[in-house]
2 protein chains.
Amino acid sequence: MDDTPDHNTEPPVAAPPRRSRRKSGGTTLRDVAKLAGVAPITASRALNTPNAVSDAILERVRAAVEQTGYVPNMLAGGLASRKSRLVAAVIPTISGNVFLEMVQALTASLAASGYQLMLGQSGYEDSREDELLEAIIGRRPDGVVLTGIMRSPQGRQRLLTSGIPVVETWDLTPDPIDMLIGFSHEKVGEEVARYLHARGKRRVATLSANDQRAMRRMKAFSEAAIELGMARPGETEVPGWVVPAPTNVGLGRSGLRELLARHPDIDALFCSSDMVALGVLTEAQAQGIAVPDQLAVVGLGDLSFARDLQPALTTVRIDGATIGSTAARFIVDRSQEREVRDGIIDIGFSIIERDSA
Amino acid sequence: MDDTPDHNTEPPVAAPPRRSRRKSGGTTLRDVAKLAGVAPITASRALNTPNAVSDAILERVRAAVEQTGYVPNMLAGGLASRKSRLVAAVIPTISGNVFLEMVQALTASLAASGYQLMLGQSGYEDSREDELLEAIIGRRPDGVVLTGIMRSPQGRQRLLTSGIPVVETWDLTPDPIDMLIGFSHEKVGEEVARYLHARGKRRVATLSANDQRAMRRMKAFSEAAIELGMARPGETEVPGWVVPAPTNVGLGRSGLRELLARHPDIDALFCSSDMVALGVLTEAQAQGIAVPDQLAVVGLGDLSFARDLQPALTTVRIDGATIGSTAARFIVDRSQEREVRDGIIDIGFSIIERDSA
DNA sequence: ATGAAAGCGCTAACAG
DNA sequence: CTGTTAGCGCTTTCAT
């Protein structure tokens, strides 16, 4: 509170040698407005809602922008409007290749609506996911796309209270945080088991990464296989080999060797990713094992190379592109206060029958 | 220009029923400060420069943060401090797999320093790159990582005047915008030609994506091959086949077929990516062509699967992880006003000799 | 070591 | 359709 003497009859003085922050030097909306001879807000409108402005002014503002090379500061805009036009995505890792299609579609769809993607990699560990979350929420993104279900209660809570639209993907849950685009990993396992059973395979096995979702697929696969009678007497589960995520071709090759050493009689193998499956195919070829007759191979992901392998890889297709573009649409709609109907969807999967099984 | 009557002797009234913007409802630094019984700036210091604050206050602020679940708004912080802690990366496409390692390393290294990555895909077209740029600069990132050299003069200019640290990667140029981490595509072509020549191959060919850098590698390869005497009389260049980027396995398979139809006698093939090379290997196997004896195959990228193929793929290794982590370091250093020495480096490449050539 | 004031560059709210 | 004003939530600058 200033102790201005009460006999001061003038409006508060503007004088006290005021400090001033260094101006960035960059062109601001103010500069543009001044040049165009309008108020800053009018220039703002000319850029953001051109219809709300007369043609003459629109023209002048555009010219001023052109002349100055003005680029709006979205940090400032975002702070004022509470719309950052940023969307964060959390994926376990980009190098597994399984999520590429989704990220690709997400980036593209968002860009088409003027949004940018912030990428975070959690590395299959729930702990890092939690850390990432704080960094993400701090940027006040207009949406968050999660790969998988957010398990950690703190994470859920944080996201919930942040009010940011959330899309969980790549899995199903009865109580999503917000929106959801996924499929049932259990069903995948069951269907693949049925698929192999129908093709006469009776001695099936699994080769899986040790991540949550892959393990659930394999468990369901094993249970369905047992149920279908594809088990030796006394066996309660199907032979399996687990490798660390993210998977790669080498793990597929060594995995097959390990499996064969323990169970030389297996006639079909469900792999947790196409990369592992490629490894299995490669090792089988190297060992002179006939695919699919001697050993049927099923992958997951339908990566771009799957159809072009020799033999062409039978695999479970997850439509990552649809997951990505739908997630983008959900978030853009939400962030523009449009209602999102059917924000919880099971996009399913399909077994693409090719030559390896 | 208010027309306040000049007989007004009172200080401007504070009264007029003032509108107020809806508060976000979220916890702000102010709330935390109030709870801790300190000024906002002190709370700010407790969080950002803990050393500048007494232990007692530090404790109280931390408790208040804990209690309220406060998450700093980095948009606001970035606006005030001119540090967004965001770094933008522009890559042609994520789906080609060649840049994955770099993106992976970039994300990880940045995250370790508290920075986040914004991903933009330009799609191998310079035009989209220009568009992206505006969106990027608008967010005032603390750095921009470009894949390849920025060709467009407007783009260069924009970046230059923006004052944002820029790292161009994956290529060399005498006049980079700012920092540079790359290698010579011409040298790659030459070295591969020499490599094949030394292994007795005399009828070499190329299978390349139509992107700028790949084409330059192939051109240099062809010229070196000619120079080395690996040409039929009158030939001015080596046989080649061009496919659209991004490459995939299918293009490799069909590419080999096309090449063989036109030049049945080729004995070595330099592919512009490991994905294409995998396609070539697959097609060769399908056709019963012996690799490397009948046909040597060299890829580029040393993707994770290269070593595990059968035959293991001889390829040109580009250390994407180093590109990514170095770029991250450069940008973090710069953004913290630390000097970056040797900001222009040629990281080279190496030919990884395996079984396919 | 702590605080008051003044913005960063923009847009929401209200008024004409 | 255009303008005024008051912030968005934080940090800088200056002062103590």
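Definitions and cut-offs
- Residues numbered from 1 in each chain as written.
- Chains lettered and ligands numbered in written order.
- Predicted model: local features only at pLDDT ≥ 70, side-chain atom pairs only at ≥ 80, totals over all residues.
- Heavy atoms only, no water.
- Least-squares fit on C-alpha atoms with pLDDT ≥ 70 in both.
- Helix = DSSP H or I, 4+ residues; strand = E, 2+ residues; numbered from the N terminus.
- Expected span 1.5 Å × (residues − 1).
- Buried < 20%, exposed > 50% of the residue type's maximum accessible area, 1.4 Å probe, protein only.
- Pairing = 2+ DSSP bridges.
- Right-handed = clockwise from strand over helix to strand, strands pointing away.
- Phe/Tyr/Trp six-rings, centres within 6.5 Å; stacked < 30°, edge-to-face > 60°.
- Lys NZ or Arg CZ within 6 Å of the ring centre and 35° of its normal.
- Contact = heavy atoms within 4.5 Å.
- Buried area = accessible area lost by both parts, 1.4 Å probe.
- Axes fitted to C-alpha atoms, helices over the stretch in contact; angles between N-to-C directions.
- Parallel < 35°, antiparallel > 145°, perpendicular 65-115°, else oblique.
- Nonpolar A, V, L, I, M, F, W, Y, C, P; charged D, E, K, R; others polar.
- Polar contact = N/O pair within 3.5 Å; in protein donor to acceptor, adjacent residues only side chain to side chain.

Peer 1: Explain the relation of the copies chain A and chain B here, please?
Peer 2: Between the two copies of the chain lies a relationship made up of a rotation around an axis and a movement along it. Structural alignment of chain A on chain B gives an RMSD of 0.1 Å, achieved by rotating through 180° and translating 0.1 Å along the axis. Taken together, the rotation angle and the small translation identify this as a two-fold axis.

Peer 1: Which parts of the structure should I look at to understand helix 5 (residues 100-112) of chain A?
Peer 2: Given 3.6 residues per helical turn, the α-helix brings residues three or four places apart onto the same face. All names here are of chain A. If you check helix 5, its first and last C-alpha atoms are 18 Å apart, about what 13 residues at 1.5 Å a residue would give, namely 18 Å. Among all positions in helix 5, only L100, M102, V103, A105, L106, T107 and L110 are buried. In the stretch just after helix 5, G114 is the one whose phi turns positive, near 85°.

Peer 1: Is there a simple way to think about the pairing of strand 8 (residues 268-271) of chain B in this case?
Peer 2: Put simply, side chains in a regular strand alternate between the two faces of the sheet. Residues and elements named next belong to chain B. Of the two faces of strand 8, the one holding A268 and F270 and the one holding L269 and C271 are both buried throughout. Pairing geometry for strand 6 (residues 204-209) and strand 8, over four bridges, is parallel. Within the sheet, the bridge partner assigned to A205 lies in strand 8 and is L269. When strand 8 meets strand 9 (residues 296-300), the two strands line up parallel, connected through three bridges. Residue L269 lies in a different strand from strand 9, and its bridge partner there is V297. Regarding the hand of the β-α-β motif, the stretch spanning strand 8, helix 11 (residues 274-287) and strand 9 is right-handed.

Peer 1: Hey, could you run me through the packing of aromatic side chains in this one?
Peer 2: What describes a pair of aromatic rings is the distance from one ring centre to the other and the angle between the planes of the rings. Here the structure, examined in full by the defined rule, presents six aromatic pairs over all chains. Between F99 of chain A and W170 of chain A the ring centres are 5.0 Å apart and the planes differ by 65°, which places this aromatic pair in the edge-to-face class. Taken together, the residues F99 of chain A in the loop between strand 1 (86-91) and helix 5 and W170 of chain A in the loop between strand 4 (166-169) and strand 5 (179-182) connect sequence positions 71 residues apart. With respect to burial, F99 of chain A and W170 of chain A carry one shared label: buried. Taken together, a centroid distance of 6.1 Å and an interplanar angle of 70° make the contact between W170 of chain B and F183 of chain B edge-to-face. Highlighted residues: W170 of chain B in the loop between strand 4 (166-169) and strand 5 (179-182) and F183 of chain B in the loop between strand 5 and helix 8 (185-198), separated in sequence by 13 residues. Per residue, the accessibility class of W170 of chain B equals that of F183 of chain B, and both read buried. Here the basic side chain of R199 of chain A rests over the ring of Y195 of chain A, its NZ or CZ set 3.6 Å away from the ring centre.

Peer 1: What is the right way to read the interface of chain A and chain B from this model?
Peer 2: One frequent convention defines the size of an interface as the accessible area lost when the parts assemble. Taken residue by residue, the interface counts 59 residues in chain A and 57 residues in chain B. For the pairing of chain A and chain B, the buried interface totals around 5100 Å² over both sides, and the portion due to carbon and sulfur atoms is 56%. When the buried area of chain A at its contact with chain B is split by residue, L75, Q116 and R139 of chain A rank highest and sum to 14% of it. Within the residue set of the side of chain A that touches chain B, elements represented by two or more residues are helix 4 (74-81), helix 5, strand 2 (116-121), helix 6 (126-138), helix 10 (249-262) and helix 11 (274-287) of chain A.

Peer 1: For this particular structure, what's the right way to read the packing of helix 1 (residues 29-36) of chain A against helix 2 (residues 40-48) of chain A?
Peer 2: A packed helix pair is summarised by two numbers, namely the angle formed by the two axes and the spacing between the axes. Residues and elements named next belong to chain A. With their axes 8 Å apart at the nearest point, helix 1 and helix 2 run at an angle of 100° to one another. Here helix 1 lies roughly perpendicular to helix 2, going by the angle between them. Along the contact surface, helix 1 presents L29, R30 and A33, while helix 2 presents P40, A43, S44 and L47. A breakdown of the residues in the contact of helix 1 with helix 2 according to their chemical character gives five nonpolar, one polar and one charged.

Peer 1: Explain the side chain of T147 of chain A here, please?
Peer 2: Residues and elements named next belong to chain A. Topologically, T147 is positioned in strand 3 (residues 143-147). Within polar-contact distance, the side chain of T147 engages the backbone oxygen of V90 at 2.7 Å. Every residue in contact with T147, bar those within four places of it in the chain, is listed here: V90, I91, P92, F99, M102, E129, T169, W170 and R213.

Peer 1: I keep staring at the pairing of strand 3 of chain A and nothing clicks. Help me out?
Peer 2: Residues and elements named next belong to chain A. Counting buried positions along strand 3 gives five out of five residues, so the element sits mostly inside the fold. Here strand 3 shows a buried face lined by G143, V145 and T147 and a second buried face lined by V144 and L146. Of the strand pairs in this sheet, strand 1 and strand 3 are connected by four bridges, and their pairing is parallel. Within the sheet, the bridge partner assigned to V87 lies in strand 3 and is G143. Relative to strand 4, strand 3 runs parallel, the two being bridged by four bridges. Residue T147 lies in a different strand from strand 4, and its bridge partner there is T169. The β-α-β motif built from strand 3, the intervening helix 7 (residues 153-162) and the parallel element strand 4 has right-handed crossover chirality.

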